[in-house]
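# Structural description and commentary
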Amino acid sequence: MRIAIAAVGRMKSGPERELVSRYLDRATASGKPLALTGFDVTELNESRAGSAAARKVEEAKGLRAALPDGILVTLDERGKSLGSEAFSNLLGRWRDEGRPAVSFVIGGADGIDPDFVKNADLSLSFSPMVWPHQLVRIMLAEQLYRATTILSGHPYHRGD
């Protein structure tokens, strides 16, 4: 099953980009024996439309075009909160069901178009707080790596 990340906005070179890359490289290596592949990031430019609503609609169109067919997960502070083990079990279940891909979407500064979120298979929250997209990418990359270690029985995850 392919894992894809689509984000509105571009990360500059620096420690944040390096952390995302490090975790996704680890996820790629540990995910391969688990039939989890890809771990690719697609960056989309922020819309220049005149209103927040118009920007979100325009960005949603770009996101739809960039995503593979499969499960759609949006990252949103109003979404469902999952623990690391529940998250890894969900990825494992989708893989076992033969889903071709799971796409994780990180919105831009205005958030994600409400209709896009409504059509997602899951809206996931890391916190009720709003986080900058750079930090959300780091947290998502780490959780994807952590999920691969949980699914493989690796001792990286030591949570209860």
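Refer to the structure printed above.
The sections below set out a description of the structure shown in this document. (Residues numbered from 1 in each chain as written. Predicted model: local features only at pLDDT ≥ 70, side-chain atom pairs only at ≥ 80, totals over all residues. Heavy atoms only, no water.)

Our next topic: the pattern of salt bridges. Scanning the model with the defined rule gives 12 salt bridges in all. For Arg10, the salt bridge identified is with Glu43, shortest N-O distance 3.6 Å. Of this pair, Arg10 sits in the loop between strand S1 (2–8) and helix H1 (15–31) while Glu43 sits in strand S2 (residues 37–44), and the two are 33 residues apart along the sequence. Residue classification places Glu43 among the buried positions, given a relative accessible area of 18%. Of the charged contacts in the structure, one is a salt bridge between Asp115 and Lys118, with a shortest N-O distance of 3.4 Å. Of this pair, Asp115 and Lys118 both sit in helix H4 (residues 114–118), 3 residues apart, which is roughly one turn of the helix. One continuous salt-bridge network, built from bridges that share partners, spans Arg10, Arg17, Glu43 and Arg137. (Salt bridge = Lys/Arg side-chain N within 4 Å of Asp/Glu carboxyl O. Helix = DSSP H or I, 4+ residues; strand = E, 2+ residues; numbered from the N terminus. Buried < 20%, exposed > 50% of the residue type's maximum accessible area, 1.4 Å probe, protein only.)

Moving on, we get to the pairing of strand S4 (residues 101–106). With 6 of 6 residues buried, S4 lies mostly within the body of the structure. Residue alternation in S4 divides its side chains into two sets, Ala101, Ser103 and Val105 and Val102, Phe104 and Ile106, and both sets are buried. Relative to S4, strand S3 (residues 71–80) runs parallel, the two being bridged by 5 bridges. From the neighbouring strand, Thr74 faces S4, where its bridge partner is Val105. Between the parallel elements S3 and S4, the chain passes through helix H3 (residues 84–96) in a crossover that is right-handed. (Pairing = 2+ DSSP bridges. Right-handed = clockwise from strand over helix to strand, strands pointing away.)

With that settled, consider unusual backbone geometry. Unlike most non-glycine residues, Ala35 shows phi in positive territory, near 65°. Relative to the helices and strands, Ala35 resides in the loop between H1 and S2. Even without a glycine there, the phi angle at Phe39 is positive, about 55°. Locating Phe39 in the fold gives a position in strand S2. For Phe39, a relative accessible area of 6% puts it in the buried group.

Let us look at the pairing of S1. Extensive coverage of S1 is indicated by the burial of 6 of its 7 residues. As paired strands, S1 and S2 are joined by 7 bridges and run parallel to one another. Its bridge partner lying in S2, Ile3 is registered against Gly38. As a crossover connection, the stretch from S1 through H1 into S2 is right-handed. Pairing between S1 and S4: 6 bridges, direction parallel.

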